[in-house]
Amino acid sequence: MFDLIIRQGRICDGSGAPSFIGDVGVRDGRIAAVGPNLGEAGRIVDASGHAVAPGFIDPHTHYDAQLTWDGLAQPSLEHGVTTVIPGNCSLSLAPLRAEHREFLGAVFRQIEEMPKSAFDAGIEWTWESMAEYNETITRDLGVNVAPLAGHSLLRLWVLGYESRDRASTPEEVRALCDLLRECLDGGALGMSTSFSDVDHEFRPVPSRLASMEELNALCAVLGERNRPLQLLPEFWAADLLATRIDIMAELSLRHGISVTFSPLFESASTPGLVEAAVERLELHAARGARVTAQMQTRPLDMTFDMSQVSAVFSAMPTWMGTLLSGHEAIQGAFRDPATRETLARETETDRMPIALDFHLSRTRLSAATGSAHADVGRTLGEIGEERGLHPAEVMMDISLEEDLKARFTASGLGHYDDAKIGVALNHPQIQIGAGDGGAHVQRFATYGDTSYLFSRFVRERKALSLERAVQRLSADIAEIWGIQGRGRLIPGQAADITIFDPETFDRGPEEMAFDLPDAGESFRFIRRSTGMKEVLVGGESVYRAESGYSQARRGAIVEGASR
Amino acid sequence: MSPEDAPAPLRRFLHPQPGEGWEEIAGRVADADVATLQSWNLHLAMRPPPIVLTPVDIVFVEPPAP
């Protein structure tokens, strides 16, 4: 007798092997049997006409904050994601001393673009250590979590604010290693670092002030337990990225660890980058290095306004300085003729490309409530031509009219060459990830990359088979990250299961949701799913198409590898 | 291919020592003054102060391939 039988589904077991029609039996939160006609159970789910697959693992998220108020990581679950990995890019929310909360919050909100009102309203700081953070989120956890310890936080804990300015001493390196061990003991899956991020004051994040000796020492700790390192490299230039891949390979080989970086991003502004990176990855894989790139499935569009910094301006120092200066100062700059001219001119330069194909003239006005409302949907180039103004001046004028609340959407920023991406998503040194779930919430919907894989690359482009797509999202990621007991539909594994219609599973349109914990003060962009029948975590149904999310809370801090 | 068979780097590079600036690095690199070195490393030369170079940065010590 099983607790649950999923009957007559098309079983994709995560191995990539051909699917077959059969039953999946669940008992005590685990898969107990897979085969034909399994008999009776407390609950029967008729899965005929549906694919039955292991829950997907999202390896690149920033759900650290959201998980404190939403243990379901909505709406990722309805896209089949049953395990999330937060704490990427050197930024987690633990370990963190109480006196550093305000600073780290500002850094996190800036880099991951989380509205301050939501962050402040949603987070009740009940932890300092990684173990305490995990204890906090597991009180109401409906999704599995494999948290990373952020290198910047480790440095902030040990060096204090000097972590922003200097390398560590040998004694501090030992303290950092001890702290990382404590985090791993407390449930961290591995560590993340960054070679690219800048904080709210446009300074490198603390991880970037580490020495290579410090990084090696920390990787040695990861190697003691076969735990992974995630990092954000200089992803925007082919020779820089290839060189950083060489460095990653040496770390992997020296310490016997899996190293994964994100993103591997394709765009017209970086021709040859993906090919150069893949060539380097293949060379090092042949040596035995375990280095994988993360690649997102979706093309990148980005919505922004002039009230805060957006990544599209990160190559433009005058824009960055202006947008960091505060509401009144921004308005003052937009009214000042000399500054306007400087800002307009800067949008035409290419001083430090960051792989985004950003063209202001093709950027559209996407939201305005005043007189500019009539121009919503038009490009700044079109409006500028009509007004005899530079597109940047149009953007500044409309923003002034709208008290900086007008929104603009830059489309086609990159990752839209489906033929090239379809091949890459199949590559053994590339994993599907880099989706940024829970971050950049007012820029674009970071949810639905999994369902988009099926609609775009399985059904439309036929770049992957159904079985291969499932494997890529489950078993492959579990193996790369050393996640134990998940990622396959075989007896003994956790019963994290998705049941979806392979002919209709897709992401819905991007929509605004006012569900952040600040009582509607801010919004986020989300995408709902279509074609997902049911999602189970630990054998309990957490999402059903007909009834939405349930009260089941079987999520866990997942177990990492050990030596 | 064995782990010891590291491929030649696409471009030779070094990491700055803690506290090292452009002058000191140029002193370590034959045939390169500060301006030349910066021209090979626009990703660092364009970085706004106060943090100019960090110990994990990649500093190329030869020009890009033609």
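Residues numbered from 1 in each chain as written. Chains lettered and ligands numbered in written order. Predicted model: local features only at pLDDT ≥ 70, side-chain atom pairs only at ≥ 80, totals over all residues.

Asks: For the overall build of chain A, give the residues involved together with the corresponding values.
Replies: Each helix and strand in chain A was counted, giving 17 helices and 25 strands. Expected size for 563 residues packed as a compact globule is a radius of gyration near 24 Å; at 23 Å, chain A falls within 12% of this value. Expressed as a percentage of its 563 residues, the buried residues of chain A come to 57%. (Helix = DSSP H or I, 4+ residues; strand = E, 2+ residues; numbered from the N terminus. Rg over C-alpha atoms; globule rule 2.2 N^0.38 Å. Buried ≥ 20, exposed ≤ 12 C-beta atoms within 10 Å, placed from the backbone.)

Asks: Give me the confidence of the model for chain B: which residues, what numbers.
Replies: Per-chain confidence: chain B averages 89 in pLDDT, with 100% of residues scoring 70 or above. Complex prediction metrics read pTM 0.95 and ipTM 0.96. (pLDDT = per-residue confidence, 0-100.)

Asks: Before we move on, can you summarise the interface of chain A and chain B with the specific residues and values?
Replies: Chain A puts 28 residues into the contact, and the matching count from chain B is 21 residues. Listed by contribution, the elements that provide at least two residues to the side of chain A that touches chain B are helix H6 (212-225), helix H7 (238-255) and helix H8 (273-286) of chain A. Per-element accounting of the side of chain A that touches chain B gives the leading share, seven residues, to H7 of chain A. Split into classes, the residues belonging to the side of chain A that touches chain B amount to 16 nonpolar, three polar and nine charged. (Contact = placed C-beta atoms within 7 Å. Nonpolar A, V, L, I, M, F, W, Y, C, P; charged D, E, K, R; others polar.)

Asks: Give me the lowdown on the packing of helix H10 (residues 327-335) of chain A against helix H13 (residues 391-401) of chain A, citing residues and values where you can.
Replies: Residues and elements named next belong to chain A. Viewed as axis vectors pointing N to C, H10 and H13 meet at an angle of 135 degrees, and their least axial separation amounts to 10 Å. With respect to their mutual orientation, H10 and H13 come out oblique. Considering only the axes of H10 and H13, their crossing is left-handed. From H10, Gln 331, Phe 334 and Arg 335 reach across to H13, where they touch Met 396, Ser 399 and Leu 400. Its residues assigned to classes, the contact of H10 with H13 comprises three nonpolar, two polar and one charged. (Axes fitted to C-alpha atoms, helices over the stretch in contact; angles between N-to-C directions. Parallel < 35°, antiparallel > 145°, perpendicular 65-115°, else oblique. Left-handed = near helix turned anticlockwise from the far one by under 90°.)

Asks: Explain the pairing of strand E5 (residues 51-54) of chain A residue by residue, including any values.
Replies: All names here are of chain A. When strand E1 (residues 2-11) meets E5, the two strands line up parallel, connected through two bridges. When the bridges of E5 are listed, Arg 10 appears paired with Ala 51. With four bridges connecting them, E5 and strand E18 (residues 497-500) associate as antiparallel partners. If you follow Ala 51 over to E18, its bridge partner there is Phe 500. (Pairing = 2+ DSSP bridges.)

Asks: Got a sec to walk through unusual backbone geometry? Specific residues and values, please.
Replies: Residues and elements named next belong to chain A. Following Ala 94, the chain continues into Pro 95 via a peptide bond in cis, with omega recorded as 0 degrees. Topologically, Pro 95 is positioned in the loop between strand E7 (81-84) and helix H1 (101-112). Residue Ser 262 is joined to Pro 263 through a cis peptide bond whose omega torsion reads 0 degrees. As for its position among the elements, Pro 263 is in the loop between strand E12 (258-261) and H8. You will see that Cys 89, though not glycine, has its phi angle at about 65 degrees, which is positive. Looking at where Cys 89 falls in the secondary structure, it is placed in the loop between E7 and H1. We classify Cys 89 as buried; it has 28 C-beta atoms within 10 Å.

Asks: How would you sum up the nonpolar core? Please name residues and give values.
Replies: All names here are of chain A. Ranked by internal contacts, the top residues of the largest apolar core, which has 188 residues, are Ile 6, Val 24, Val 52, Val 145, Ala 149, Leu 180 and Ala 277. The element that contributes the greatest number of residues to this core is H7, accounting for eight residues. Excluding residues within four positions of it along the chain, Val 145 makes contact with Leu 67, Val 84, Pro 86, Ile 137, Gly 555, Ile 557 and Val 558. (Core = buried A, V, L, I, M, F, W, Y, C linked by C-beta atoms within 7 Å.)

Asks: How would you summarise the sheet that holds strand E17 (residues 430-432) of chain A if you had to cite specific residues and measurements?
Replies: Residues and elements named next belong to chain A. Taking strand neighbours across the sheet as the criterion, the six strands line up as E9-E10-E11-E12-E13-E17 in an open arrangement whose pairing is parallel. Each edge of the sheet is formed by a strand with only one pairing partner; in this case those strands are strand E9 (148-150) and E17. Recorded for the sheet is a direction-independent mean angle of 30 degrees between the axes of neighbouring strands.

Asks: Before we move on, can you summarise the domain arrangement of chain A with the specific residues and values?
Replies: Residue and element names in this part refer to chain A. Along its sequence, chain A is organised into domain 1 (2-54 + 515-549), domain 2 (56-300 + 414-482) and domain 3 (304-413). On a C-alpha basis, the centroid separation for the pair domain 2 and domain 3 is 30 Å. Split into classes, the residues belonging to the side of domain 2 that touches domain 3 amount to eight nonpolar, four polar and one charged. (Domains from an automatic or database assignment.)

Asks: How would you sum up the pairing of E1 of chain A? Please name residues and give values.
Replies: For a regular strand, side chains alternate in direction, first toward one face of the sheet and then toward the other. Pairing of E1 of chain A with strand E4 (residues 41-46) of chain A involves five bridges; the strand directions are parallel. Looking across to E4 of chain A, one finds that Leu 4 of chain A is bridged to Arg 43 of chain A.

Asks: Pulling in residues and values, what's your account of the environment of Ala 469 of chain A?
Replies: Residue and element names in this part refer to chain A. Within the secondary structure layout, Ala 469 lies in helix H16 (residues 466-473). Under the C-beta neighbour-count criterion, Ala 469 is labelled buried, with 28 such atoms within 10 Å. In this structure the C-alpha to C-alpha distance between Ala 469 and Phe 108, which are 361 residues apart in sequence, comes to 32 Å. The contact partners of Ala 469, leaving out residues within four places of it in the chain, are Leu 453, Phe 454, Val 458 and Leu 464.

Asks: Residue-level account of the packing of helix H11 (residues 337-346) of chain A against H13 of chain A, with values.
Replies: The relative placement of two packed helices comes down to the angle between their axes together with the axis-to-axis distance. Residues and elements named next belong to chain A. Closest axis-to-axis distance for the H11/H13 pair is 8 Å, and the angle between their directions is 125 degrees. Taken together, the axis directions place H11 and H13 in an arrangement best described as oblique. In the packing of H11 onto H13, the handedness of the crossing is right-handed. Packed against H11, whose contacting residues are Arg 340, Leu 343 and Ala 344, the element H13 presents Ala 392, Glu 393 and Met 396 at the interface. In terms of residue class, the contact of H11 with H13 is built from four nonpolar, no polar and two charged.

Asks: Let's hear about helix H12 (residues 380-387) of chain A: which residues, and what values?
Replies: Residues and elements named next belong to chain A. Along H12, the residues that are buried comprise Leu 380, Ile 383 and Gly 384. Projected down its long axis, H12 shows its buried positions confined to an angular sector of 100 degrees, all on one face. Contacts made by the buried residues of H12 are with strand E15 (364-367) and H13. Looking one or two residues past H12, Gly 388 carries a phi angle of roughly 70 degrees, positive in sign. (Arc of directions from axis to C-beta.)

Asks: Go over the environment of Gly 448 of chain A, please, and point to the residues and values.
Replies: Residues and elements named next belong to chain A. As for its placement among the helices and strands, Gly 448 is situated in the loop between E17 and helix H15 (449-460). Among the residues examined, Gly 448 registers 29 C-beta atoms within 10 Å and is labelled buried. Sequence spacing of Gly 448 and Asp 496 is 48 residues, and the spatial spacing of their C-alpha atoms is 18 Å. With near-sequence residues (within four places) excluded, Gly 448 lies in contact with His 79, Arg 507, Arg 527 and Ser 529.

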